[in-house]
Amino acid sequence: MTITFITGANKGLGRETARRLVECGHTVLVGARNREQGEEAAAATGARYVPIDVTDDASVAAAAADVAEHEGRIDVLINNAGVSGPIGDPSNLTAADALAVLDVNVIGVVRTTTAFLPLLRRSDDPVIVNVSSGLGSLALTHDPDRAESQVVAPLYTASKAALTMLTTQYAKALEGIRVNAADPGYTATDLNGHSGPQTVTEGTDAIVALATEGPGAGTGRFVSRHGEIAWS
């Protein structure tokens, strides 16, 4: 039985990923900061709730200890928790704004990955999926034919660019662990006021595909529901 831990799984892409992976036969652990929402999402999807705040060292360590006690390992870690930060004119951005976004979208991934690596290393086929975005791609955000080129979200885009690079570094350095990034695409979630044209099911296609690949699949890739995205 594949055991999968998902951060930020109380709503949106994380919750839909949990639902779909339970249907695929995974034992899913719904990680979320909000206990009420996390417990409800876990009950609705057939998962188990594990409290985690990816911005807090003690909370992340406690989540890893909880999983070590109950499941003993994980096979798939999905770093999904994310925030958008201020949108539009960056004239009034503050250091506090930047720290808040990076603390979830990048540093939170580092915290969680480091804490869960011992559990992943107990797996016969360990996998890390980082939920990034095409908005972190220099190529896509400079292509006038792409919707990504019309978005001004300075901190979100910067954080996702950092996350995709972090993914490549983990992929190079973590021997025996597949580490890939997923681009969900423009999906209707709370993050964008439900303005995206894709459903959450469509938005989780790449995440689910990476989480369910068999042994021997590639590492260090950036994947959307339409296929691999070139690193640029």
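The numbers attached to residues start from 1 for each chain and follow its sequence in the written order. Reporting of local features is limited, given that this is a predicted model, to residues whose pLDDT is at least 70; pairs of side-chain atoms are given and counted only at 80 or more, and all residues count toward the totals for whole chains, interfaces and linings. Hydrogens and water molecules were not included; the side-chain quantities draw on all heavy atoms of the structure.

A.B. asks: Would you mind going over the overall build of the chain with me for this structure?
C.D. replies: Counting from the N terminus, the helices are DSSP H or I runs at least four residues long and the strands are E runs at least two residues long. When helices and strands are tallied, the chain shows nine helices and eight strands. Taking the principal axes of its C-alpha atoms as reference, the chain extends roughly 45 × 35 × 30 Å. When a residue's accessible area, from a 1.4 Å probe over protein chains only, is under 20% of the maximum for its type it is buried; when over 50% it is exposed; and in between it is partly exposed. Per-residue burial over the chain gives 49% buried out of 232 residues. Between two residues, a contact is recorded if the distance between any of their heavy atoms is within 4.5 Å. Considering only intrachain contacts with a sequence separation of at least 6, the fraction spanning at least 24 residues in the chain is 66%. Total accessible area computed for the chain in this model is approximately 10400 Å², and 54% of it derives from carbon and sulfur atoms. When the 17 positive and 27 negative side-chain charges of the chain are each reduced to one mean point, those points stand 3 Å apart. Calculation of accessible area relied on Shrake-Rupley with a 1.4 Å probe; when residues are assessed, cover is drawn exclusively from the protein chains displayed. Positive residues here are Lys and Arg, negative ones are Asp and Glu, while His and the chain termini are left out of the count. Each charge is placed at NZ for Lys, CZ for Arg, CG for Asp and CD for Glu.

A.B. asks: Before we go on, may I ask you to explain the sheet that holds strand β4 (residues 76–79) in this structure?
C.D. replies: Across a sheet, strands are paired by hydrogen bonds formed along the backbone, either parallel or antiparallel in direction. Between any two strands, pairing holds if DSSP finds at least two bridges. The strand order across the open sheet formed by eight strands is β3-β2-β1-β4-β5-β6-β7-β8, and the pairing between neighbours is mixed. The open sheet has two free edges, formed respectively by β3 (48–51) and β8 (227–228), since each of these has just one partner strand. Inspection of the sheet shows strand β6 (residues 178–182) paired to strand β7 (residues 222–224) by two bridges, in the parallel sense. Pairing of Ala182 across the sheet is with Val223, part of β7. Under this scheme, a helix contributes an axis fitted over its contacting stretch, all axes are lines through C-alpha atoms, and angles between N-to-C directions fall in the 0 to 180 degree range. Lying over the sheet, helix α1 (residues 12–23) contacts β1 (3–6), β2 (27–32) and β4, oriented at roughly 170° with respect to β1.

A.B. asks: Just to check I follow, could you spell out the side chain of Thr204 for this structure?
C.D. replies: You can see Thr204 is positioned in the loop between α8 (200–203) and α9 (205–211). Its relative accessible area of 0% is what places Thr204 among the buried residues.

A.B. asks: Just checking my understanding: could you explain the environment of Asn34 for this structure?
C.D. replies: Topologically, Asn34 is positioned in the loop between β2 and α2 (35–45). Classification of Asn34 as partly exposed rests on a relative accessible area of 36%. It is 17 Å that separates the C-alpha atoms of Asn34 and Asn105, two residues lying 71 residues apart in sequence. Contacts described as polar in this section are N or O atom pairs within 3.5 Å, which, within protein, must combine one atom able to donate a hydrogen with one able to accept it, while residues neighboring in sequence count only if both atoms come from side chains. Within the local environment of Asn34, its side chain forms a polar contact with the backbone nitrogen of Gln37, the two atoms lying 2.8 Å apart.

A.B. asks: I'm lost on the pattern of salt bridges in this one. Help?
C.D. replies: Any two side chains of opposite charge can pair, on the condition that their charged atoms come close. The term salt bridge refers to a side-chain nitrogen of Lys or Arg lying within 4 Å of a carboxyl oxygen of Asp or Glu. This structure, assessed with the given rule, holds 16 salt bridges. The salt bridge involving Glu148 is made with Arg146; its shortest N-O contact spans 2.9 Å. Looking at Arg146, the relative accessible area reads 33%, which means it is partly exposed. Among the ionic pairs, Glu213 bridges to Arg221, the shortest N-O distance being 2.7 Å.

A.B. asks: I would appreciate a short explanation of the environment of Ala81 in the present structure.
C.D. replies: Its location among the elements puts Ala81 in the loop between β4 and α4 (95–105). Relative accessible area serves as the criterion here: at 18%, Ala81 is assigned to the buried category. Along the chain, Ala81 and Gly108 lie 27 residues apart, while their C-alpha atoms are 8.1 Å from each other. Residues in contact with Ala81, not counting those within four places in the same chain, are Thr7, Gly8, Val54, Val104 and Asn105.

A.B. asks: Is there a simple way to think about the packing of aromatic side chains in this case?
C.D. replies: The relative placement of two aromatic rings is captured by the distance of their centres and the angle of their planes. Only the six-membered ring of Trp is used, alongside the rings of Phe and Tyr, when aromatic pairs are assigned; centres must lie within 6.5 Å, and planes under 30 degrees apart are stacked while those over 60 apart are edge-to-face, with the rest tilted. Considering all chains together, one arrives at one aromatic pair under this definition. Relative to Phe116, the ring of Phe5 lies with its centre 4.6 Å away and its plane at 35°, an arrangement referred to as tilted. With a gap of 111 residues between them, Phe5 in strand β1 and Phe116 in helix α5 (residues 107–120) connect regions that are remote in the sequence. The pair formed by Phe5 and Phe116 is uniform in burial state, with each residue classed as buried.

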